[in-house]
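Coordinate analysis (summary)
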Amino acid sequence: MSIQPKLSRFNTNVLSKYRIYNSIFMTLPFDAITKTGVLLPLFHETCEKGFDAGNDPTTIVETFFKKYQARRSKESQIKLLFRFIQYIERQVVLFDAIEDAAFPVVNNMDGIGTLRNLKENARSENKLEDLKKYLNEFKVRIVLTAHPTQFYPGSVLGIITDLAKAIREDDLTTINNLLAQLGKTPFFKKKKPTPFDEAISLIWYLEHVFYNSFGKIYNYIDQNIFDEDQINNQVINIGFWPGGDRDGNPFVTPDTTLKVAQKLKQAALRSYHNEVKQLKRKLTFKGVEENISTLERKLYDASISPNAKTTISYDEFLDTLSSIKSHIIENHQSLYIDDINSLLNKLKLFGYHFASLDIRQDSRKHHEVFTDVVDTLIANGSTIFPKDYHKKTEKQQVKILSQVKGELNVYDFKDEFTHRTLKTMEVIKQIQENNGELAANRYIISNNQTSLNVMQLFAMLKLTAFQDELTVDIAPLFETIPDLENAEMVMEELYTNTEYRKHLEARGNKQTIMLGFSDGTKDGGYLMANWAIFKAKERLTRISRKYKIAVVFFDGRGGPPARGGGKTHQFYASLGPTIEAKEIQITIQGQTISSNFGTLDSSQYNLEQLISAGITNRLNDTNLKMNRSDKAVMDKLAKISYERYVDFKKHPNFLGYLERMSTLKYYAKTNIGSRPSKRGKSSELVFEDLRAIPFVGSWSQLKQNVPGFFGVGTALKVFEDKGDFKKVKQLYKNSNFFKALIENSMMSLSKSFFDLTKYMAEDEEFGEFWKLIYEEYKTSKRLILKLTGYKELMEEEPAGKASIDIRESIVLPLLTIQQYALKKIQDLERSENPDAAELEVYEKIVTRSLFGNINASRNSA
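Source: prediction; values computed, not measured.

Cut-offs used in this document
- Residues numbered from 1 in each chain as written.
- Predicted model: local features only at pLDDT ≥ 70, side-chain atom pairs only at ≥ 80, totals over all residues.
- Heavy atoms only, no water.
- Buried < 20%, exposed > 50% of the residue type's maximum accessible area, 1.4 Å probe, protein only.
- Helix = DSSP H or I, 4+ residues; strand = E, 2+ residues; numbered from the N terminus.
- Pairing = 2+ DSSP bridges.
- Polar contact = N/O pair within 3.5 Å; in protein donor to acceptor, adjacent residues only side chain to side chain.
- Contact = heavy atoms within 4.5 Å.
- Patch = residues over 30% accessible without salt bridge, like charges linked within 9 Å, V, L, I, M, F, W, Y side chains within 5 Å.
- Areas by Shrake-Rupley, 256 points an atom, 1.4 Å probe, with all protein chains shown as cover.
- Salt bridge = Lys/Arg side-chain N within 4 Å of Asp/Glu carboxyl O.
- Lys, Arg positive; Asp, Glu negative; His and termini not counted.
- Charge placed at Lys NZ, Arg CZ, Asp CG, Glu CD.
- Core = buried A, V, L, I, M, F, W, Y, C linked by side-chain atoms within 4.5 Å.
- Phe/Tyr/Trp six-rings, centres within 6.5 Å; stacked < 30°, edge-to-face > 60°.

Points about the pairing of strand E6 (residues 510-516)
With respect to burial, E6 is a largely interior element, 6 of its 7 residues being buried. Looking at chain direction, strand E5 (residues 473-478) and E6 are connected through 2 bridges and run parallel. Across the sheet, the residue bridging to Leu 477 is Met 514, located in E6. Alignment of E6 against strand E7 (residues 550-556), held across 7 bridges, turns out to be parallel. Looking at E7, one finds that Met 514 is bridged to Phe 554.

Okay, structure coming up:
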């Protein structure tokens, strides 16, 4: 039986079903919903025709009311706009659920990039032993972060899960009930979540998705690739930031970190208990039944409370399960042995920690704390640091920190922030003792600029809780373009530091280095950020290999291409031999967790794509390093785009445009994350204080997506003008890395819609600035199509483009309402005596409109 093309499968299983179930939703028996269901299609049609005719959002909204609802009062019109927003939010949920349900049908679960495909290719090329070798040393770690790009509250995520199941089973009664429930369930969070709330939300994914998808993947590798051979590697594991990441989040305390670690352990034990309970129903044999019953009881007691009287250690659990396995092999013909092996595999993957809790803090905050530590110790007569420590050169300070000895009492420090920072280091040790070392054994220094930044943390960890042995890996995070260029020198200073080198030897001669795509793009623009990180990885690989250190790159990526997201697996398949790639480590955040890993099928598929990308990069004999001429072209493209982007940032209207013409200042009002929306405390907008998520997200709401393409068109045009475009075409043909960059930029361009904000071209203050952005968009689109030979953007991925087109169509009325409200706010703020009550209403409309658009985009921030 032949398989339909992917686009046909999408149209049949997603688009057609959406139309059917949306029509059910439109006729729900609620007065408000019914009226909205009748009027919204008319408003949608008015939007489409209006933009085609060149109208602005204000004209479109006023035309709709004049034509269809002329008798409504102003207050009634506002209420209807709010109902439209609420309705569209729920249409997005419905589309999400339908796409989730259709995922294994639309995507070939055994096709290119899956483990089965990887195994069959290796077998056909006689490389099965190479594949086993790589799998025994290769790892993928996805790190779940709590960064606020997820707008769905837990109740709505539950509806999506149940709705997807009902749609898969064509259960019309349940679908109808869930759609009705959806119509009555609030989306808006009245208060910000705490860091602990964020952790609990993501632990749900660990228990209900990753526990099973990781187990399935590992079982497949164990049974189908290694067969009888022993696999001595986890291959996949999970990192966790909620409750550990305190960079810019003052609400994460040592107590939060400890409680989150306890919850992670409880969740792991609860998952094990559920599986053992199922095993207990199967293992009813003599010599086994009593052991499995005792194990089940102990796991239950341990899982209901972190302080339960009945505890079972990891080793006892492993030994009991191994003993049961041996008894069944010897006496019961290996009955249910696959079930036992599956549980043993999960125990190997998740231990008692479930996910490794990372700690993260800014180097500048560490410096403040460390200065207070030194000053307090000297004032108290301690000899740990010399009295003239602050007068020493940086090199001398590093030497002192390398050899530091002694012990701190955290209660000697009166400053609350100092106390909390040092207490966190004690908590790391406590978590390791309770849940195992893997539970919390990495500390990331964001905004790392020097080797001194690393050695300050090194010293504080040793003085606070790790006097005997430092069982924590220190990972510097390099983010800005200058820091990326400087990273090689910083790491060489650390590799040649005798004491730090001893620490690395004790940690298996392995060094993790984190690289920030989000802030890199915000700082240097799309092309330069990605190229600067690529080159930094090459230099860091070279220096690490020189000193025989296995470097692991941890990529801080967001959802959209502008933050390092998009078609991520293509990047890892294209790195070549000059970049160390025995491990892929990557942050997964907000929407990307629910959209790419939110179901068992999508989680398994996307994890397999990452594993396959990393392995393919090593198995591929043709994936050679970039040649000199291609590198020169890439260098020039990045440099030109960087200069264009920097000039753009320096434009006198840059910050004003973001602050007054976009949704930037409304992000903080959405209550989706515990972290403040900007770093500094200044009442004025400062570019350096801008967080990458609201920065990128605000361009997305404008449907301009500047960070994903700005400067690309300018760079390509320089080559075109000089008659050298063939050189760029050659680069595109030769380099999978550059090809992945261009295809991701196409995604950003595909999600742009400048007709929405065309009215800004007439704005007295910002008109020229809007035109500048639009010209760059047109140039980028024209030349990317010329480069690829495509007639339209994303031509090579019709199903992906179709999904984007439908989502953009669903939210078109929402975006129109948002721009209508923003224009009203702009006009009110420019008037002499603005009506405060009216201003508040339009600001509420803007804030509420953020939700549906962000969720529809799935990777917008």
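Read on, since the account is not over.
A closer look at the side chain of Thr 185
As for its placement among the helices and strands, Thr 185 is situated in the loop between helix H8 (172-184) and helix H9 (195-225). A distance of 2.7 Å separates a polar atom in the side chain of Thr 185 from the backbone oxygen of Gln 181. Sequence-distant contacts of Thr 185, defined by excluding residues within four places in its chain, comprise Arg 90, Ser 155, Val 156 and Ile 159.

Some thoughts on unusual backbone geometry
Although it is not a glycine, Val 235 adopts a positive phi angle of roughly 70 degrees. Using a relative accessible area of 0% as the deciding quantity, one classes Val 235 as buried.

Describing a positive patch on the surface
A contiguous patch of positive charge on the surface is contributed by Lys 636, Lys 722, Lys 726 and Lys 727. One can find Lys 636 in helix H25 (residues 628-650).

Regarding the side chain of His 273
Within the element layout of this structure, His 273 appears in helix H10 (residues 254-282). Residue contacts for His 273: discarding those within four places in its chain leaves Glu 296, Leu 299 and Tyr 300.

A word on the pairing of strand E2 (residues 236-240)
Regular strands place side chains that alternate from one sheet face to the opposite one. Among the 5 residues of E2, 5 are classified as buried, and the element is accordingly described as predominantly covered. Here E2 shows no split at all, with Ile 236, Ile 238 and Phe 240 on one side and Asn 237 and Gly 239 on the other all buried. Where strand E1 (residues 139-145) meets E2, 5 bridges bridge the pair, whose relative direction is parallel. Note that in E2 the partner of Ile 142 across the bridge is Ile 238. Across 2 bridges, E2 lies against strand E3 (residues 356-362) in parallel orientation. When the bridges of E3 are listed, Gly 239 appears paired with Ser 356.

Things to note about the pattern of salt bridges
Throughout the structure, instances matching the rule amount to 53 salt bridges. Between Asp 339 and Lys 282 there is a salt bridge; the shortest N-O distance is 3.4 Å. Within this pair, whereas Asp 339 is found in helix H13 (residues 337-350), its partner Lys 282 is found in helix H10, the two being separated by 57 residues in sequence. A relative accessible area of 27% places Asp 339 in the partly exposed class. Among the residues examined, Lys 282 registers a relative accessible area of 31% and is labelled partly exposed. Glu 768 is paired through a salt bridge with Lys 771; the nearest N and O atoms lie 3.3 Å apart. Of this pair, Glu 768 and Lys 771 both sit in helix H31 (residues 767-788), separated by 3 residues, roughly a single helical turn. Through salt bridges with shared partners, a single ionic network connects Arg 660, Asp 763, Glu 765 and Arg 830.

With respect to the nonpolar core
Core analysis: the biggest nonpolar cluster contains 198 residues, and Phe 240, Tyr 272, Phe 317 and Phe 385 have the highest contact counts within it. Sorting elements by how many residues they give to this core places H9 first, with 14 residues. Residues in contact with Phe 317, not counting those within four places in the same chain, are Tyr 272, Val 276, Leu 295, Leu 299, Ile 312, Leu 343, Leu 347 and Tyr 352. Among the nonpolar cores identified, the runner-up in size contains 70 residues, and Val 14, Leu 80, Ala 97 and Ile 810 belong to it.

Describing the packing of aromatic side chains
Evaluated as defined, the whole model comprises 47 aromatic pairs. Ring centres 6.1 Å apart and planes at 85 degrees place the aromatic pair Trp 241 and Phe 554 in the edge-to-face group. Placement of the pair is Trp 241 in the loop between E2 and H10 and Phe 554 in strand E7, with a sequence separation of 313 residues. Judged by its relative accessible area of 3%, Trp 241 is buried. Seen in terms of ring centroids, Trp 770 and Tyr 774 are 5.1 Å apart; in terms of plane orientation they differ by 25 degrees. Their pairing is stacked. Separated by 4 residues within a single helix, Trp 770 and Tyr 774 lie in helix H31, roughly one turn from each other. Of the residues examined, Trp 770 reaches a relative accessible area of 3% and is grouped as buried.

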